[in-house]
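Fold and geometry: a report
Here's the letter readout for the chains.
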Amino acid sequence: MRLTLSVGAAFLLGIPAAGACPRVDPAHVGGTQGYADGFDSGKCFVSIGPMSTNGLVYRAYGFFDDGLLLVFSSYGAGEDSDPDTTSAREFYFFPRTGALELSMDEAAGTVSVRLSDGGRAHIDPATAQIKALERGSVVVSPRVDPAERGGVEITSYAGLVLDAGFRMGESPSGRPDARSTFRDAHGHLCTVVNRELFVYEGGEHELKFTDPELSAWLKTRCPALSPGF
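The text that follows walks through the structure, step by step, so that each part is easy to find. Just so you know, these numbers come straight off a predicted model, no measurement behind them.

Notes on the packing of aromatic side chains
A complete count under the given rule lists 10 aromatic pairs for this structure. Taken together, the ring pairs in this structure connect Tyr92, Phe94, Phe182, Phe198 and Tyr200 into an aromatic cluster.

Following this line, the structure appears as structure tokens:
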């Protein structure tokens, strides 16, 4: 087993998950495999990844009900302690208004995921890569290389997005003193220190605010933003 990026990436590396979330058994359309499950903590997720990889070089995605979109990249075979062979790029979407949903239609040749904010990510079944966002614009690099810094950029979105950045070998939001940037639907930005947003305990971290609490906090911390909820 190779280096994991905390529980957020564990399922992408083949570690079993369990919980009370709706379960969708692994299925595939074209070259894409998807499934849905949950952790014992109750956090639900949808996993999207390629059916096959070339030398363990690939990009996969995890969608979580706390708003997280995890872009997980593997750059080849490596040991558990090697921080040079995996990376994470993280985005959070707000408000979190509904349940995740995985849709895989083999007959139609389509794959999509409904995010917790209600928008959909459409997946190219041939490559297992995000090809479009229902509520925004996304650019995905065809190259899986550390120089691409995850290779996924959301250039606009009709909602509030937190860009937690990129990190080799671990979750970028797992660094309390690192910075993350909010962007609203109008393109206004506000950068904050991670410890302002996340609770850190036992080597794990999670967002500290509910949606109403976050909206109220942003009015003071980032008054130029328009959260929209």
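Examining the pattern of salt bridges
For the structure on display, the rule yields 15 salt bridges. Measuring nitrogen to oxygen at the nearest pair gives 3.3 Å for the salt bridge that ties Asp66 to Lys43. In this pair, Asp66 is assigned in the loop between β4 (57-64) and β5 (68-75) and Lys43 in the loop between β2 (32-38) and β3 (44-50), connecting sequence segments 23 residues apart. Exposure remark for Asp66: the relative accessible area of 14% places this residue in the buried category. Residues joined by salt bridges that share partners form a network here, namely Arg23, Asp25 and Asp37.

Digging into the side chain of Ser112
Following the sequence through the fold, Ser112 ends up in strand β8 (residues 110-114). For Ser112, a relative accessible area of 9% corresponds to the buried category. A polar atom in the side chain of Ser112 sits 2.9 Å from the side chain of Arg120. Discounting residues that sit within four places of it in the chain, Ser112 has contacts with Glu101, Leu102, Ser103, Arg120, Ala121 and His122.

Topic: unusual backbone geometry
Cis geometry marks the peptide bond from Phe94 to Pro95, where omega comes out at -5°. With respect to the helices and strands, the residue Pro95 is situated in the loop between β6 (86-94) and β7 (101-105). The phi dihedral of Leu56 falls on the positive side, at around 60°, and the residue is not glycine. Mapped onto the elements, Leu56 comes out in the loop between β3 and β4. On the basis of relative accessible area, Leu56 is assigned to the partly exposed category, the value being 35%. Located in the positive-phi region is Ala128, a residue other than glycine, with phi close to 65°. Examined against the element boundaries, Ala128 turns out to sit in the loop between β9 (120-124) and β10 (129-133).

About the thresholds
Residues numbered from 1 in each chain as written. Predicted model: local features only at pLDDT ≥ 70, side-chain atom pairs only at ≥ 80, totals over all residues. Heavy atoms only, no water. Phe/Tyr/Trp six-rings, centres within 6.5 Å; stacked < 30°, edge-to-face > 60°. Salt bridge = Lys/Arg side-chain N within 4 Å of Asp/Glu carboxyl O. Helix = DSSP H or I, 4+ residues; strand = E, 2+ residues; numbered from the N terminus. Buried < 20%, exposed > 50% of the residue type's maximum accessible area, 1.4 Å probe, protein only. Polar contact = N/O pair within 3.5 Å; in protein donor to acceptor, adjacent residues only side chain to side chain. Contact = heavy atoms within 4.5 Å.

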